[in-house]
Amino acid sequence: MLTLYRSNRGEFLATLLARQLLEARPDPFETVEVLVNTWPTSRWLGEQLAMANGISSLVRFPFPGSRLRQLVRRVLDLPDHEDDPWRATSLVWTVLEVLPDLLQQDSASSLREWWQRNGGQQGQLNRDQWQLARSLADAIDDYALYRPEELADWLAGGAGDQLPDTLRWQPFLARALAEHLPRRPFGLQVQQVVDLLRNGQEPALPLPKRLRLFGVSNLAPVQVNLLQALA
């Protein structure tokens, strides 16, 4: 069940959470998780819970992005310790690996011209080229989180007809990355999890009994869909 409490006063919501933890006490060794968007919020909320209840013990404040990814891996029984290879920080290396073949595509002529114009010494990667690869990794990471349907269409062979001519190389990039990576993008994993849970299939590994979020005002649509399916 999904229950939503709304208020423009964080102190009221913190008091409400503290009261719930008193009335429905967790087990003595149970870790309580409250998802928050920022580290300062976790410090403030921990202090509020301690002042209201006299103690705040075994309370963790993970960020929604990382915790929801962990839950997806538990449902699909994927390695829990593995970093998501589609996250931009990791993806940039794969982008650099597939770029030489991508630059040979006719649709990537503008990208190829930029790469040649800003190239450094032969065989060496300069700062501008690195920043371009990181920008491409950021864009694909955003597609996986905010436009997974479009990314899924590209991976299935779509030509990106909705894109302007100067960006028609993006589907080629997405497919090249998928061929080099062992996992599907997070947004596509979420859709698989949502379908499994809505069809009544049990997760591969146990999920937490309760998931709490505090002061989270911005979530990607796939994250909202995942929370609804988990509820």
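So, here is what we can say about the structure in this document. Computed from a prediction, not measured in an experiment: that's the story for all the values here.

Procedures and definitions
Residues numbered from 1 in each chain as written. Predicted model: local features only at pLDDT ≥ 70, side-chain atom pairs only at ≥ 80, totals over all residues. Heavy atoms only, no water. Axes fitted to C-alpha atoms, helices over the stretch in contact; angles between N-to-C directions. Helix = DSSP H or I, 4+ residues; strand = E, 2+ residues; numbered from the N terminus. Parallel < 35°, antiparallel > 145°, perpendicular 65-115°, else oblique. Left-handed = near helix turned anticlockwise from the far one by under 90°. Contact = heavy atoms within 4.5 Å. Nonpolar A, V, L, I, M, F, W, Y, C, P; charged D, E, K, R; others polar. Pairing = 2+ DSSP bridges. Core = buried A, V, L, I, M, F, W, Y, C linked by side-chain atoms within 4.5 Å. Buried < 20%, exposed > 50% of the residue type's maximum accessible area, 1.4 Å probe, protein only. Lys, Arg positive; Asp, Glu negative; His and termini not counted. Salt bridge = Lys/Arg side-chain N within 4 Å of Asp/Glu carboxyl O. Right-handed = clockwise from strand over helix to strand, strands pointing away. Expected span 1.5 Å × (residues − 1). Polar contact = N/O pair within 3.5 Å; in protein donor to acceptor, adjacent residues only side chain to side chain.

### Here's the deal with the packing of helix 3 (residues 64–76) against helix 9 (residues 186–198)
Piece 1. As a packed pair, helix 3 and helix 9 sit with axes 10 Å apart at the nearest point and diverge in direction by 55°. One element, helix 3, and the other, helix 9, form an angle in the oblique class. For helix 3 against helix 9, the interelement crossing comes out left-handed. For the pair helix 3 and helix 9, the contacting residues are Leu68, Arg69, Val72, Val75 and Leu76 in the first and Phe186, Gln189, Val190, Gln192, Val193 and Leu196 in the second.
Piece 2. Broken down by class, the residue content of the contact of helix 3 with helix 9 amounts to 8 nonpolar, 2 polar and 1 charged.

### Side note on the sheet that holds strand 3 (residues 212–213)
Neighbouring strands of a sheet are bound in pairs by backbone hydrogen bonds; such pairs are parallel or else antiparallel.
Piece 1. Strand order in the open sheet formed by 3 strands is 2-1-3, and the pairing between neighbours is parallel. Edge positions in the open sheet fall to strand 2 (59–60) and strand 3, since each of these has one partner strand only.
Piece 2. Relative to strand 2, strand 1 (residues 32–35) is paired through 2 bridges, and the arrangement is parallel. Note on strand 2: the bridge partner recorded for Val32 is Val59.

### Thoughts on the nonpolar core
Piece 1. Leu91, Val95, Leu99, Leu111, Leu173 and Leu177 are the most contacted members of the largest nonpolar core, which has 29 residues in total.
Piece 2. Of all the elements in the fold, those that place two or more residues in this core are helix 4 (88–102), helix 5 (109–117), helix 6 (127–146), helix 7 (148–155) and helix 8 (170–180).
Piece 3. For this core, the element with the most residues is helix 4, which contributes 8 residues.
Piece 4. In this view, Leu173 contacts Val98, Leu102, Leu136 and Ile140; residues no more than four positions away in its chain are not counted.
Piece 5. If you look at the next biggest cluster of nonpolar residues, it comprises 18 residues, including Leu78, Phe186, Val193 and Ala229.

### Concerning the side chain of Arg212
Piece 1. Within the secondary structure, Arg212 sits in strand 3.
Piece 2. Buried charge without a salt bridge: Arg212, with Glu30 as the nearest opposite-charge side chain at an N-O distance of 5.9 Å.
Piece 3. Beyond its immediate chain neighbours, meaning those up to four positions away, Arg212 contacts Leu17, Leu21, Val32, Glu33, Val34 and Leu35.

### Things to note about the side chain of Arg69
Piece 1. In this structure, Arg69 sits in helix 3.
Piece 2. With near-sequence residues (within four places) excluded, Arg69 lies in contact with Asp84, Arg87, Asp141 and Phe186.

### Examining the pairing of strand 1
Piece 1. Residue alternation in strand 1 divides its side chains into two sets, Val32 and Val34 and Glu33 and Leu35, and both sets are buried.
Piece 2. Tracing the backbone out of strand 1, into helix 2 (residues 39–53) and back to the parallel element strand 2 gives a crossover that is right-handed.
Piece 3. In this sheet, strand 3 lies alongside strand 1 in parallel orientation, the contact comprising 2 bridges. Bridging from a neighbouring strand, Val34 pairs with Arg212 of strand 3.

### Considering the pattern of salt bridges
Piece 1. Scanning all chains against the criterion turns up 8 salt bridges.
Piece 2. For the salt bridge of Asp84 with Arg69, the shortest nitrogen-to-oxygen distance reads 2.4 Å. In this pair, Asp84 is assigned in the loop between helix 3 and helix 4 and Arg69 in helix 3, connecting sequence segments 15 residues apart. Exposure class is identical for Asp84 and Arg69. Each is buried.
Piece 3. When the shortest N-O distance is used, the salt bridge between Arg168 and Asp165 registers 3.9 Å.

### Some details on helix 6
Piece 1. Taking 1.5 Å of rise per residue, 20 residues should cover 28 Å, and helix 6 covers 28 Å from first to last C-alpha, within 8% of that figure.
Piece 2. The complete set of buried residues in helix 6 reads Gln129, Leu132, Ala133, Leu136, Ala137, Ile140, Asp141, Tyr143, Ala144 and Leu145.
Piece 3. Where helix 6 begins, the capping side chain belongs to Asn126, and its oxygen is found 3.2 Å from the backbone nitrogen of Asp128.

Fair warning: the whole summary comes from geometry, so function is off the table for now.
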